[in-house]
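Remarks on the overall topology
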Amino acid sequence: MAELSPFVYWAQSENNVTLKVDLKDVKNPDITLDENRLRFSAHGYGARGQHNYGFVLDFHSSIDAEESKFKVTDRQVEFVLKKITNGWWPRLTATPQKPAWLKIDFDRWKMEEDVEDEEPRDVMGDYPDLYEKLEKEELGYRKEDLKKVYLIFYNLCQFVGFTYVLTVMTIRYFRDGPDSMEGTYEAVGGAIKFCQLMQFLEVMHPLFGYTKGQVLTSLLQTCGRAFVLFCMIEAEPRMWTKPVIFYLFFIWSLIEFVRYPFYISQLLKMDSGLLVWLRYTMWIPLYPLGFLCEGVVMLRNIPYFEETQRFTISLPNSWNFTFHFPTVIRVYLLFFFFPALYLLMSHMYKARVKKLGPKKWKSKFN
């Protein structure tokens with residue numbers, strides 16, 4: 001039976017070429033190495049089972065056969081080939097046609113560790129163009145980082161969710177006019193609640209280094225909106241039919257309708273001037289309006305919670321503790337509502353200045 005070719009994985013640094021022959025339990029290896037060619041033949045267990053395997057590699061450039069070395073292990077045969085002239089080869093083989101059994105060893109490309117007494121280097125970071133070219137040549141596409149793929153998928157799902165909410169609300173309003181406001185919560189409440197629960201993942205993203213945002217900022221924004229949605233609206237069915245729910249959901253969805261595509265464009269490094277401007281400008285009217293709607297929802301809920309005593313803990317009880325929820329709402333509206341709005345607007349203004357720069361006013365007399 002003719003020799004089969006094993007899978008051979010290669011990587012390189014400026015000084016060396018490394019080869020990994022994917023053969024287990026190698027017996028009787030026959031290896032011939034010179035400046036421009038490697039001949040390999042051995043009996044072992046490869047992709048086609050227990051057989052004789054062999055290959056011939058004609059190198060792109062010369063190697064120092066005397067300084068090169070190899071070792072046989074139970075799982076593979078490893079080569080470290082010393083380049084005569086330091087530098088990066090555009091390919092391993094002398095001809096552009098790459099044999100099907102020759103693969104790129106992406107794991108070895110990640111770190112270069114062949115220099116003693118020096119910290120490992122990130123080859124992908126040092127030479128991204130060369131690495132991406134070889135990866136595309138090997139796979140037919142650019143393999144994306146799983147973290148990046150996840151973030152794109154997450155933002156896309158949220159964009160679809162809030163787009164659905166906006167679409168349903170808009171169609172209902174054009175069809176029924178102001179009468180549609182009464183059924184807004186029943187029509188899109190489930191989608192809003194799902195998207196809001198998903199947003200708690202945004203608190204985890206900076207915590208685990210997926211994004212560069214601040215954990216506390218994300219936590220406050222997400223918990224604030226969740227409090228209004230689940231404690232103020234979901235907990236009191238009489239609020240569901242109020243027009244303010246329509247306005248609040250519309251403002252929330254309009255903000256996210258721009259925010260999530262902006263995040264996707266940043267991940268894909270496809271800056272859109274209009275999208276960037278909208279992301280850092282729409283908050284100027286929408287955030288105060290959204291806060292105003294949230295304040296109205298809380299204010300309208302005070303008599304309802306006085307009546308139902310929902311979330312209120314009264315004495316006597318086993319903890320000897322009292323908690324009056326309507327009073328907490330009053331204290332927040334009186335002392336914390338406007339400071340919270342100021343802090344949020346200040347945060348967004350700083351982000352806008354950082355991204356777009358401060359506006360420079362020109363005198364008409366100049």
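Conventions adopted
Residues numbered from 1 in each chain as written. Predicted model: local features only at pLDDT ≥ 70, side-chain atom pairs only at ≥ 80, totals over all residues. Heavy atoms only, no water. Pairing = 2+ DSSP bridges. Helix = DSSP H or I, 4+ residues; strand = E, 2+ residues; numbered from the N terminus. Axes fitted to C-alpha atoms, helices over the stretch in contact; angles between N-to-C directions. Phe/Tyr/Trp six-rings, centres within 6.5 Å; stacked < 30°, edge-to-face > 60°. Buried < 20%, exposed > 50% of the residue type's maximum accessible area, 1.4 Å probe, protein only. Lys NZ or Arg CZ within 6 Å of the ring centre and 35° of its normal. Core = buried A, V, L, I, M, F, W, Y, C linked by side-chain atoms within 4.5 Å. Contact = heavy atoms within 4.5 Å. Expected span 1.5 Å × (residues − 1). Bend = angle between axes of the 7 residues up to and from the residue. Parallel < 35°, antiparallel > 145°, perpendicular 65-115°, else oblique. Left-handed = near helix turned anticlockwise from the far one by under 90°.

**A short note on the sheet that holds strand S6 (residues 63–72)**
On the basis of which strands lie adjacent, the open sheet formed by five strands has the order S6-S7-S2-S1-S8 and mixed pairing. Across the chains shown, the open sheet's two edge strands, defined by having one partner strand only, are S6 and strand S8 (102–104). Neighbour-to-neighbour, the strand axes of the sheet open up by a mean angle of 25 degrees, direction not taken into account. For strand S2 (residues 16–21) and strand S7 (residues 77–83), the ladder comprises six bridges, and the chain directions are antiparallel. Paired with Thr-18 across the two strands is Val-80, which belongs to S7.

**Details of the packing of aromatic side chains**
Across all of its chains, the model carries 27 aromatic pairs by this definition. Summarising the aromatic geometry, the rings of Phe-305 and Phe-311 are spaced 5.9 Å apart at their centres and angled 40 degrees between planes, so their arrangement reads as tilted. Its relative accessible area of 0% is what places Phe-305 among the buried residues. For Phe-311, a relative accessible area of 36% corresponds to the partly exposed category. An aromatic cluster of at least three residues, connected via ring pairs, comprises Tyr-150, Tyr-154, Phe-162, Tyr-210, Tyr-260, Phe-262, Tyr-263 and Tyr-280. Between Arg-259 and the ring centre of Tyr-260, over which it is positioned, the NZ or CZ distance is 4.6 Å.

**With respect to the nonpolar core**
Grouped together as the largest cluster of nonpolar side chains are 48 residues, with contacts concentrated most on Met-232, Ile-233, Ile-245, Leu-248, Phe-249, Val-297 and Ile-329. At the level of secondary structure, the elements contributing two or more residues to this core comprise helix H4 (146–176), helix H5 (184–198), helix H7 (215–234), helix H8 (243–267), helix H9 (273–279), helix H10 (283–308) and helix H11 (325–356). By residue number, the principal contributor to this core is H8, which donates 11 residues. Excluding anything up to four places from it in sequence, Ile-245 contacts Tyr-185, Ile-233, Met-239, Trp-240 and Val-297.

**Description of the sheet that holds strand S3 (residues 24–33)**
What the three strands build is an open sheet, ordered S3-S4-S5; its pairing is antiparallel. Two strands close off the open sheet at either side, each with one partner strand: S3 and strand S5 (49–58). Across the sheet, the mean angle from the axis of one strand to that of its neighbour is 10 degrees, orientation sign disregarded. Relative to S5, strand S4 (residues 37–46) runs antiparallel, the two sharing 10 bridges. Each residue of the ladder has a partner; that of Phe-40, found in S5, is Phe-55.

**Structural notes on H4**
End to end, H4 covers 45 Å across 31 residues, agreeing with the expected 45 Å (1.5 Å per residue, within 8%). The set of residues buried in H4 consists of Leu-151, Tyr-154, Asn-155, Gln-158, Gly-161, Phe-162, Val-165, Leu-166, Val-168, Met-169 and Arg-172. Tucked inside the fold, the buried residues of H4 contact H5, helix H6 (201–207), H7 and H8. Immediately beyond the C-terminal end of H4, within one or two residues, lies Gly-177, with a positive phi of roughly 70 degrees.

**Looking at H11**
The principal kink in H11, of about 55 degrees, is found at Phe-336, preceding the proline Pro-339 by one to four residues. Every buried residue belonging to H11 is among Phe-325, Pro-326, Ile-329, Leu-333, Phe-337, Leu-341, Leu-344, Met-345, Ser-346, Met-348 and Arg-352, and all of these are buried. Where H11 is buried, its residues meet H7, H9 and H10. Once H11 ends, the next one or two residues include Gly-357, with phi positive near 85 degrees.

**Considerations on the packing of H7 against H11**
Running from N to C, H7 and H11 cross one another at 140 degrees; their axes reach a closest spacing of 13 Å. Taken together, the axes of H7 and H11 are oblique relative to one another. Here the hand of the crossing between H7 and H11 comes out left-handed. Of H11, the residues touching H7 (which contributes Thr-217, Gln-221, Phe-227 and Met-232) are Phe-325, Ile-329, Leu-344 and His-347.

In short, geometric facts, not functional conclusions.
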